[in-house]
Amino acid sequence: MKKELEPILEEIQGKNILVIGDMVADIYLDGRISRISREAPVLVLQQAGEKIVAGGAANVVNNVATLGGNVFAVGLLGLDNAARGLKAALEKNGANTEGLFCDEKRPTISKTRVIAGGRATVSQQIVRIDKESDAPMTPAFEAEIMQYIENLLPDIDGVVISDYGSGTVTAKIQQQLISFCRAHDIPSIVDSRYDIHRFKDIGYVKQNDAEIAAAVGRELPTEEDIYAAGQELLEELDADGVLVTRGELGMVLLEKDGAIHNIPVSDKSEVFDVSGAGDTCVATVILALAAGVEPARAAELSNIASGIAVRKLGTSTVSKDELKKVLEK
C-alpha cells in the first residue's frame, strides 16, 4: 500500500501553495539554574540560548516547503524580534514571505516557553508566556493583504486557511479566497480550531476528534458518532470533504458523494509529541490535491507523513526524503 503512494511524491514537487492564517512564533528560552532568588522562592536562570521556530499557520508553511512545494506565506506580523526570527525560520526552508505584512502597532503572535535545567537535572518547561493583540486587523492592512492575494491567486495550485482564532482570516479575506477557489476549481482546505462553522463552501475541512466534537456540541465516543458528525459538517458547509484526525485511531475522510474512508495509523511505534502533526497533515493533503491526486489517496499519504511528525519533539516538519524512506519500506 505504501509503495503505491510513492509516485505522488514526485507529482507534488513545485506545486504553488498559498497558506494564510495566524502565523505564530514559538520561542524557546533555554535557562541554566544558577541559584534560588533572595527576592522570592523562585529559581534564578542564566539564559543559555534562544530559538524561534515556526508555529501555527507558519508550521503549515514550513511543512509545505520541506515536502517540496513552492509555498507563499500570507499573514500579519508585528515589527519585532519574533517577526524577524519567524521570517528567517520560513525563508531557511525556501518559503516566500513577501505576503507577511508587519504592523508596528501589534506584536507578532508568540508563545514563549522558558526551559530550565542544570548539569544534574533534566531540562523542563517551567512557564509559557503568550503574546498577541486583541485588536482586529486594520482596514488598511486587510486591503494590502487582499491586493497581494489577488495578484498571487492566478498562479496558485492550492490554498490552505489555517485559523487559530487570532483574527488574521477576516470575513472579506475568507470570501475572496473561497470564491476564487470555487470559480477556478482550485483545491482548498481549512483547519480552524474554534470557528469551523463560518467556512461555508470551502473545499475540504480538517478537524481533530476534539474539535469536531466541540463543533457539533456533543461527545463522539464511537466511530459511527464521528461519521455522523462529519456528515453534519459536510452538509452544513457544503464542502467536498471532511477529514477527521483521531490520533492513534488514524483518520476518517468523508466525501460529498457519500464515500467514507477509514484510514488506520500507518505506524504504531512510540509517539513522542502530537503538536504540529495536524499541520503536517494539512500540508500533505493540499499538495496532493493540488497535484490532482484523489482525496482518499491524499489522506492516506498525509496519514503516513503525520506518523513521522508525531515521532519528533515539538512542532516539526517532515521532508520529502523522510517520507520517501518510509514509503519505500
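Residues numbered from 1 in each chain as written. Predicted model: local features only at pLDDT ≥ 70, side-chain atom pairs only at ≥ 80, totals over all residues. Heavy atoms only, no water.

Undergrad: I'm lost on the side chain of Thr112 in this one. Help?
TA: With respect to the helices and strands, Thr112 occurs in strand β6 (residues 110–118). Excluding residues that lie within four positions of it along the chain, Thr112 makes contacts with Ile27, Leu29, Val127, Arg128 and Ile129. (Helix = DSSP H or I, 4+ residues; strand = E, 2+ residues; numbered from the N terminus. Contact = heavy atoms within 4.5 Å.)

Undergrad: Sorry, what's going on with the sheet that holds strand β4 (residues 70–77) here?
TA: Strand pairing in a sheet relies on backbone hydrogen bonds, with the paired strands running either antiparallel or parallel. The strand order β5-β4-β1-β8-β9-β10-β11-β12-β13 describes an open sheet built from 9 strands, whose pairing is mixed. Bordering the open sheet on either side are β5 (96–102) and β13 (260–263), each of which pairs with just one other strand. Strand-to-strand twist of the sheet, defined as the mean angle between neighbouring strand axes without regard to direction, takes the value 15°. As judged from the 3 bridges shared by strand β9 (residues 188–192) and strand β10 (residues 204–208), these two strands associate in the parallel manner. Residue pairing for β10: Val190 is matched across the bridge by Val205. Lying over the sheet, helix α4 (residues 139–152) contacts β1 (16–21), β4 and β5, oriented at roughly 160° with respect to β5. Across the face of the sheet, helix α7 (residues 223–237) comes into contact with β10, β11 (241–245), β12 (251–255) and β13 while running at roughly 40° to β12. (Pairing = 2+ DSSP bridges. Axes fitted to C-alpha atoms, helices over the stretch in contact; angles between N-to-C directions.)

Undergrad: Sorry if this is basic, but what is going on with the pairing of strand β7 (residues 121–131) here?
TA: Looking along a regular strand, one sees side chains alternate from face to face of the sheet. Note: β6 against β7, 8 bridges, orientation antiparallel. Within β7, the residue paired with Ile115 across the bridge is Gln125. Between the antiparallel neighbours β6 and β7 lie 2 residues.

Undergrad: Would you mind showing me how to read the packing of aromatic side chains here?
TA: The description of two aromatic rings rests on the distance between their centres and on the angle between their planes. Counting across every chain of the model gives 1 aromatic pair. Lying over the aromatic face of Tyr28, Lys51 brings its terminal NZ or CZ to 5.7 Å of the ring centre. (Phe/Tyr/Trp six-rings, centres within 6.5 Å; stacked < 30°, edge-to-face > 60°. Lys NZ or Arg CZ within 6 Å of the ring centre and 35° of its normal.)

Undergrad: Looking at this model, I keep getting lost on helix α2 (residues 57–66). Mind explaining?
TA: α2 sits mainly inside the fold: 10 of its 10 residues count as buried. Remark: Gly68 follows α2 within two positions and exhibits a positive phi of approximately 110°. (Buried < 20%, exposed > 50% of the residue type's maximum accessible area, 1.4 Å probe, protein only.)

Undergrad: What is the right way to read the pattern of salt bridges from this model?
TA: Close approach of charged atoms lets side chains of opposite charge pair. Enumeration according to the criterion identifies 12 salt bridges in this entry. Between Glu4 and Arg297 there is a salt bridge, with the nearest N and O atoms lying 3.5 Å from each other. Taken together, the residues Glu4 in helix α1 (residues 2–11) and Arg297 in helix α9 (residues 295–309) connect sequence positions 293 residues apart. On the accessibility criterion, Glu4 (53% relative accessible area) is exposed. A relative accessible area of 22% places Arg297 in the partly exposed class. Here Asp240 and Arg182 are joined by a salt bridge, their closest N and O atoms 3.1 Å apart. Separated by 58 residues along the polypeptide, Asp240 in the loop between α7 and β11 and Arg182 in helix α5 (residues 171–183) bring together distant segments of the chain. On the accessibility criterion, Arg182 (33% relative accessible area) is partly exposed. (Salt bridge = Lys/Arg side-chain N within 4 Å of Asp/Glu carboxyl O.)

Undergrad: Would you explain the sheet that holds strand β3 (residues 43–56) in this entry?
TA: The 4 strands are arranged β3-β2-β6-β7 in an open sheet whose pairing can be described as mixed. Whereas interior strands pair on both sides, the edge strands pair on one side only; in this sheet they are β3 and β7. For this sheet, the mean inter-axis angle between neighbouring strands, taken without regard to orientation, is 20°. Where strand β2 (residues 23–36) lies against β6, 8 bridges are found, and the strand directions are parallel. In the sheet register, Tyr28 faces β6, and the bridge partner there is Arg113.

Undergrad: I would appreciate a short explanation of the nonpolar core in the present structure.
TA: For soluble globular proteins, the rule of thumb is that nonpolar side chains tend to be buried together. Membership of the largest hydrophobic core comes to 58 residues, with the highest contact counts inside it found for Met23 and Leu323. A total of 10 residues in this core trace back to one element, the largest contributor, which is helix α8 (residues 277–290). Those residues within four positions of Leu323 in sequence are excluded, and the remaining contacts are Leu9, Leu67, Leu301, Ile304, Ala305, Ile308 and Val318. Counting 43 residues, the second largest nonpolar core, distinct from the first, contains Phe72, Phe101, Ile178 and Leu233. (Core = buried A, V, L, I, M, F, W, Y, C linked by side-chain atoms within 4.5 Å.)

Undergrad: Would you mind going over the side chain of Thr168 with me for this structure?
TA: Summarising the element assignment, Thr168 is placed in the loop between β8 (158–163) and α5. Overall, the relative accessible area of 4% leaves Thr168 in the buried class. Reaching out from Thr168, the side chain makes a polar contact with the side chain of Asp22 at a distance of 2.6 Å. For Thr168, the residues in contact, after removing those within four places along its chain, are Gly21, Asp22, Gly75, Leu76, Met137 and Ile173. (Polar contact = N/O pair within 3.5 Å; in protein donor to acceptor, adjacent residues only side chain to side chain.)

Purely spatial values, then, with no claim about function.
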